[in-house]
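# Overview (structure and organization)
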Amino acid sequence: MKNILVIGSVGQIGSELTLELRKRYGSSNVVAGYRSTLPTGELLESGPSERVDATDAQRIAEVVKKYKIDTIYNLAAILSAVGESKPVVAWNIGIGGLMNCLEVAREYGCALSTPSSIGAFGGGTPLDNTPQDTIMRPQTMYGVSKVAGELLSDYYFKRFGVDTRSVRYPGIISNVTLPGGGTTDYAVEIYYEAVKNKKFISPLKAGTFLDMMYMPDAIDAAIDLMEADPSKLRHRNSFNITAMSFDPEIIAAEIKKHIPEFELQYNVDPMKQAIADSWPNNMDDSCAKEEWGWNPKWDLSEMTKDMLRVIGEKHKKGLI
Ligand code: AKB
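For the structure given in this document, a descriptive report is provided here. All values derive from a computational prediction rather than experimental measurement.

About the cut-offs
Residues numbered from 1 in each chain as written. Predicted model: local features only at pLDDT ≥ 70, side-chain atom pairs only at ≥ 80, totals over all residues. Heavy atoms only, no water. Helix = DSSP H or I, 4+ residues; strand = E, 2+ residues; numbered from the N terminus. Rg over C-alpha atoms; globule rule 2.2 N^0.38 Å. Buried < 20%, exposed > 50% of the residue type's maximum accessible area, 1.4 Å probe, protein only. Areas by Shrake-Rupley, 256 points an atom, 1.4 Å probe, with all protein chains shown as cover. Pairing = 2+ DSSP bridges. Axes fitted to C-alpha atoms, helices over the stretch in contact; angles between N-to-C directions. Contact = heavy atoms within 4.5 Å. Near = heavy atom within 4 Å. Polar contact = N/O pair within 3.5 Å; in protein donor to acceptor, adjacent residues only side chain to side chain. Nonpolar A, V, L, I, M, F, W, Y, C, P; charged D, E, K, R; others polar. Domains from an automatic or database assignment. Core = buried A, V, L, I, M, F, W, Y, C linked by side-chain atoms within 4.5 Å. Phe/Tyr/Trp six-rings, centres within 6.5 Å; stacked < 30°, edge-to-face > 60°. Lys NZ or Arg CZ within 6 Å of the ring centre and 35° of its normal.

## A closer look at the overall build of the protein
Along its length, the protein carries twelve helices and 15 strands. Computed over the C-alpha atoms, the radius of gyration of the protein is 19 Å, within 12% of the 20 Å expected from 2.2 N^0.38 for a compact globule of 320 residues. Along the longest, intermediate and shortest principal axes, the C-alpha atoms of the protein span 55 × 45 × 35 Å. Looking at the protein residue by residue over its 320 residues, the buried ones come to 56%. A total of about 13,400 Å² of accessible surface is found on the protein, and carbon and sulfur atoms cover 52% of it.

## Side note on the sheet that holds strand β2 (residues 30-34)
If you walk across this open sheet you meet the five strands as β3-β2-β1-β4-β5, and the pairing is parallel. If you trace the sheet from one side to the other, it starts and ends with β3 (49-51) and β5 (111-113), each paired once. Direction aside, the axes of adjacent strands within the sheet are offset by 20° on average. One ladder, built from three bridges, connects β2 with β3; its direction is parallel. Looking at β3, one finds that Tyr34 is bridged to Arg51. Against the sheet, helix α1 (residues 14-25) makes contact with β1 (4-7), β2 and β4 (71-74), and its axis sits at roughly 165° relative to β2, the strand it touches most.

## Topic: the pairing of strand β11 (residues 210-214)
Of all five residues that make up β11, five are buried, and the element is covered over most of its length. Of the two faces of β11, the one holding Leu210, Met212 and Tyr214 and the one holding Asp211 and Met213 are both buried throughout. In this structure, strand β9 (residues 171-173) lies alongside β11, joined through three bridges in parallel fashion. In the sheet register, Ile173 faces β11, and the bridge partner there is Tyr214. Pairing of β11 with strand β13 (residues 244-246), which is carried by three bridges, proceeds in the antiparallel orientation. Paired with Met212 across the strands is Met244, a residue of β13.

## A look at the sheet that holds β11
As summarised here, the arrangement of the three strands in space is β9-β11-β13, forming an open sheet in which the pairing is mixed. With partners counted over all chains shown, the strands left at the sheet margins are β9 and β13, one partner each. The mean angle between the axes of side-by-side strands here comes to 40°, regardless of whether they run parallel or antiparallel. Its contacts with the sheet put helix α12 (residues 300-316) on β9, β11 and β13, and the angle it makes with β13 is roughly 80°.

## Some points on the site of the ligand
In the vicinity of the ligand, the residues found are Leu79, Ser80, Ser117, Ile118, Tyr142, Gly182, Thr183, Thr184 and Trp279. Note that an oxygen atom of the ligand is positioned 2.6 Å from one of the side-chain N or O atoms of Ser117. One of the side-chain nitrogen or oxygen atoms of Tyr142 is found 2.6 Å away from an oxygen atom of the ligand. Expressed as a share of its isolated accessible area of 250 Å², the protein-covered part of the ligand is 94%. Here the residues of the shell around the ligand sort into four nonpolar, five polar and no charged. When residues of the shell around the ligand are assigned to domains, at least three fall in each of domain 1 (4-171 + 215-240) and domain 2 (172-212 + 244-282 + 297-316).

## Section: the nonpolar core
One finds Ile173, Tyr191, Phe246, Ile251 and Met303 to be the most contacted residues of the largest nonpolar core, which totals 36 residues. Of all the secondary-structure elements, those providing two or more residues to this core are α7 (186-197), β11, β13, α9 (248-256), α10 (270-278) and α12. With eight residues, the single largest contributor to this core is α7. Both domain 1 (4-171 + 215-240) and domain 2 (172-212 + 244-282 + 297-316) contribute no fewer than three residues apiece to this core. When near neighbours in sequence (up to four residues on either side) are disregarded, Ile251 contacts Tyr186, Ala187, Ile190, Tyr191, Phe246 and Leu300. Within the second largest apolar cluster, 30 residues are counted, among which are Ala218, Leu225, Ala228 and Ile241.

## A few points about the environment of Ile201
Of note, Ile201 is situated in strand β10 (residues 199-202). On the accessibility criterion, Ile201 (42% relative accessible area) is partly exposed. Sequence-wise, Ile201 and Lys66 are 135 residues apart; in three dimensions their C-alpha atoms are separated by 48 Å. If we skip the residues at most four places from it in the chain, Ile201 touches Gln265, Tyr266 and Asn267.

## Concerning the packing of aromatic side chains
Scanning the model with the defined rule gives seven aromatic pairs in all. Measuring from ring centre to ring centre gives 6.1 Å for Tyr155 and Phe160, while their planes differ by 90°; the resulting arrangement is edge-to-face. According to the relative accessible area criterion, Phe160 is partly exposed, its value standing at 33%. Here the aromatic rings of Tyr186 and Phe200 are separated by 6.5 Å at their centres, their planes lie at 25°, and the arrangement is stacked. With Tyr186 in helix α7 and Phe200 in strand β10, the pair connects residues that are 14 residues apart, well separated along the chain. Tyr186 gets classed as buried once you look at its relative accessible area, which sits at 1%. Classification of Phe200 as buried rests on a relative accessible area of 5%. In this structure, Arg106 is placed above the aromatic ring of Phe160, and the distance from its NZ or CZ to the ring centre is 4.5 Å. Over the ring of Phe157 we find Arg236; its NZ or CZ atom is 3.8 Å from the centre of that ring.

Structural data, given as structure tokens:
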């Protein structure tokens, strides 16, 4: 990877991935693509940025030509819960956007990474130790578009030789940019509420186990997979990866170790609960470990310390 375009660079993952790519590959070699929200701060100042809407193929091609892009990270997506209220938009961005990226990648010889998700599972998937290759009949538009996206990405690799690779992300926990509209967002919000109000009302009930991961591991995964030796990859789109699995009670108990007065209450959101119930409790990520050395570094205890430290500092400075 030398010249990289990140589509969706102001989102939860994009805002941190773009900065890490700039550190590793040089600031001027990583273009921050944005749609309506302009990049700000370090993201704006540390390298080039361009307006790139994933649904506009011509614009993607212009930017790819202008910067001689060889690798595209396509992070444009509408997350699972919002996708249920805007299914057509979710499909157009998820699949329309991906088709545009695949076609541009084919024409200009780019490698392409478009993350999939635990949302691709459902409808008969074994929920414990979920295998890499298994039944996938998701019941959300987000999930349908993720399964279709995996298939399309593999199709473009086999049919046209486009170097497509991707991971199935679990819930991603981070403290730079908030997620928006996902089912796993609660696991980010709980830390902010713990710091600000010492209390959190969970939309998912006790006993709802989901795979999760701290952002530094999520970023390493995206980059390491794109750097992996292709001869070792038996799979491409997409690899199960996970770092931890917990339910609201377990994350709350971890927070209480640092904020003893923290209280967890419940007001279950039936739509989010139904989505979470259809997703794995914990995935088997052994293929990622074997084929490209996936090795998460953060567990719940270390992540909780770091999240509370960073969010605590933001709170003291009046930033949240
Ligand atoms: C969501 O909850 O929709 C996302 C995901 C797991 O893909 N965070």
